[in-house]
Amino acid sequence: MDADPAVARFQQLLRVPTMSRTNPSETDWPVFTRFRELLAELYPLAHAGLELELVAGHSMLFRWRGTTDAAPLVLMAHYDVVAATAEGWRHPPFDAVVEGDGAERVLWARGALDDKAALVAILEAVEAELATGLTPSRDVYLSFGHDEETHGSGAQAAAALLAERGIRPALVLDEGGAIVSGVLPGLARPSAMIGVSEKGITSLALAVQQQGGHASTPPKMTATVRLARAIVRLNARPFPTAINPAIAEMLRIVGAHSSGPLAAVFRRPRLFGPVLRLVFARMSDETNALVRTTTAVTQLSGSMAHNALAERAEAIVNVRVAVGSSIAETVEHVRRAIADPLVQVSVHQSSEPSPVSPMSGPAWQSIVDAVSAIDAEVLSTPYVQTGASDSRWFTGVSDAVYRFTPFEMSAEERATLHAKDERIHVATWLRGIDFYRHLIAGR
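Residues numbered from 1 in each chain as written. Predicted model: local features only at pLDDT ≥ 70, side-chain atom pairs only at ≥ 80, totals over all residues. Heavy atoms only, no water.

The name that an unreviewed UniProt entry assigns to the chain is Acetylornithine deacetylase, with the source organism given as Microterricola pindariensis.

Here it is in structure tokens:
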């Protein structure tokens, strides 16, 4: 265990393998119970001073009563993680090993970034402020989901509960952007990428059904060939690009603090829209995803036997719908791109893009001030979250829903999300605790 008590507590919680499964019957629910029991042991002041409700069976909703009836603050996180085995990891994913010395200490574990880092840092901040005798000026809610990686039913239920009680938060903050460097050319300062919206998400099933038979006498166009052609056609016709208002504001802020040939272009996103769309589409996978709807074929199925023709061939396409577009527009584009009426397109589990939260005003400024409190050099900018988060369920109860975790992440570290060797630098995690303390106390 690490010598720092906060890090040691983090390690204990990372060692509880709270892996959520798409099929809830396959989830080891006693492990989730053990995690909540361990939380109560490690954070006694929070559990004594805050009211706790279990929502949807396993999600936690804490209420810290404030001194006024001002609109509350909601801090979100989730304690489920994507499944992992030890294969290919530098350290087993649930051993929570700290490696290195001083500022170079790194904590390796599933959940070290996504999303126990935020959950434990929030509780560390709450526990520390309770120890000082703080009573916040407004109610503070902690909404900790149990199935963000699969269905989001816990957060959905928590948001519905607040709506039923007539509670409309002034600020909701969930996981999302991070403190990054080198994302845009010409900007020397690190950036706090604060998600003001997130792309929609849906899964589309592309299916071909036709007569099966023996693989020794195949027709020219089998079900699998027709499906493969549809996938190639879809991949060859990417969605159009657009600079939405959140990206335009991000570019304006970055341009004001940048140097080099693109600085003037960034400062005038409306004037240079065509150039910016081209630059973003080609710069990286991350920037490309900011300006267009994206598709990724994630699952394929065909015949049940190696010597039998498929009677049904199916592909699942994971789609992230751009802000300013819709599920309906997405489906229409896919059908036009495939151009084959024998390929059925059906929608599974859809969620439209989230509204754009204010990029100025008290809620936005409170996040910016908390970022500056931990590092005055960091430039705060809005951006569009490309992945889905539990925060989308709260857009119905608050106009100010943001997606940001106060941790520095390199491109290499960001690439470990949902992948092998997930890890976080200990120093940045400890600074993140101070971010949440500033936000809670309103300093």
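After that view of the structure, there is still more to cover.
Peer 1: I tried to follow the sheet that holds strand β14 (residues 344-351) on my own but got confused; where do I start?
Peer 2: Working definition: the strands of a sheet are paired by backbone hydrogen bonds and lie parallel or antiparallel to each other. The antiparallel open sheet is built from 4 strands, whose spatial order is β11-β13-β9-β14. The two strands at the open ends of the sheet, each matched to only one other strand, are β11 (294-301) and β14. The mean angle between the axes of side-by-side strands here comes to 20°, regardless of whether they run parallel or antiparallel. Pairing analysis gives 7 bridges linking β11 to strand β13 (residues 312-321), with the strands arranged antiparallel. Following the sheet pairing, Leu300 is matched in β13 by Ala315. Against the sheet, helix α6 (residues 223-236) contacts β9 (200-209), β11 and β13, and its axis sits at roughly 15° relative to β13. The strands touched by helix α11 (residues 327-338) are β9, β13 and β14; relative to β14, the strand with the most contacts, the crossing angle is about 155°. (Pairing = 2+ DSSP bridges. Helix = DSSP H or I, 4+ residues; strand = E, 2+ residues; numbered from the N terminus. Axes fitted to C-alpha atoms, helices over the stretch in contact; angles between N-to-C directions. Contact = heavy atoms within 4.5 Å.)

Peer 1: Would you take a moment to explain the nonpolar core for this structure?
Peer 2: General note: in soluble globular proteins, nonpolar side chains tend to be found buried as a group. The biggest cluster of nonpolar side chains holds 88 residues, and the ones touching the most others in it are Leu142, Met250, Tyr402, Trp429 and Phe435. Beyond its immediate stretch of four places on either side in the chain, Met250 contacts Leu184, Met193, Phe280, Leu290, Thr381, Pro382 and Tyr383. If you look at the next biggest cluster of nonpolar residues, it comprises 20 residues, including Ala315, Val321, Ile338 and Val343. (Core = buried A, V, L, I, M, F, W, Y, C linked by side-chain atoms within 4.5 Å. Buried < 20%, exposed > 50% of the residue type's maximum accessible area, 1.4 Å probe, protein only.)

Peer 1: How do you make sense of the UniProt feature "domain: Peptidase M20 dimerisation" (unreviewed entry) in the chain when you look at a structure like this?
Peer 2: The UniProt feature table records "domain: Peptidase M20 dimerisation" (unreviewed entry) at residues 197-343. Across residues 197-343, the secondary structure splits into 41% helix and 23% strand, with the terminal C-alpha atoms separated by 33 Å. (UniProt positions renumbered as here; feature names shortened; annotations may be inferred.)

Peer 1: Even after reading the chapter, I still don't get the side chain of Glu413, so can you show me in this structure?
Peer 2: In this fold, Glu413 is placed in helix α13 (residues 411-414). Glu413 has contacts with Leu113, Glu408, Arg423 and His425, leaving out every residue within four places of it along the chain.

Peer 1: Which parts of the structure should I look at to understand helix α4 (residues 116-131)?
Peer 2: The periodicity of an α-helix, 3.6 residues per turn, causes residues three or four places apart in sequence to face the same way. For α4, with 16 residues, the first-to-last C-alpha span of 22 Å sits near the 22 Å given by 1.5 Å per residue. Most of α4 is tucked away, with 14 of its 16 residues classed as buried. Just beyond α4, the residue with positive phi is Gly133, at close to 90°. (Expected span 1.5 Å × (residues − 1).)

Peer 1: Whenever I open this one, the packing of helix α1 (residues 5-14) against α4 confuses me. Can you help?
Peer 2: A pair of packed helices is characterised by two quantities: the angle between their axes and the separation of those axes. Running from N to C, α1 and α4 cross one another at 135°; their axes reach a closest spacing of 10 Å. Overall, the two elements α1 and α4 adopt an arrangement that is oblique. The crossing of α1 and α4 is right-handed. Facing α1, whose interface residues are Ala6, Arg9, Phe10, Leu13 and Leu14, α4 presents Lys116, Ala117, Val120 and Glu124. Partitioning the contact of α1 with α4 into residue classes produces 6 nonpolar, no polar and 3 charged. (Parallel < 35°, antiparallel > 145°, perpendicular 65-115°, else oblique. Left-handed = near helix turned anticlockwise from the far one by under 90°. Nonpolar A, V, L, I, M, F, W, Y, C, P; charged D, E, K, R; others polar.)

Peer 1: Explain the packing of α1 against helix α14 (residues 426-441) here, please?
Peer 2: Two elements in contact, α1 and α14, have axes separated by 11 Å at closest approach and are oriented at 100°. In terms of axis orientation, α1 runs roughly perpendicular to α14. On α14, the residues that touch Ala6, Val7 and Phe10 of α1 are Val426, Trp429, Leu430 and Ile433. Within the contact of α1 with α14, the residues separate by chemical class into 7 nonpolar, no polar and no charged.

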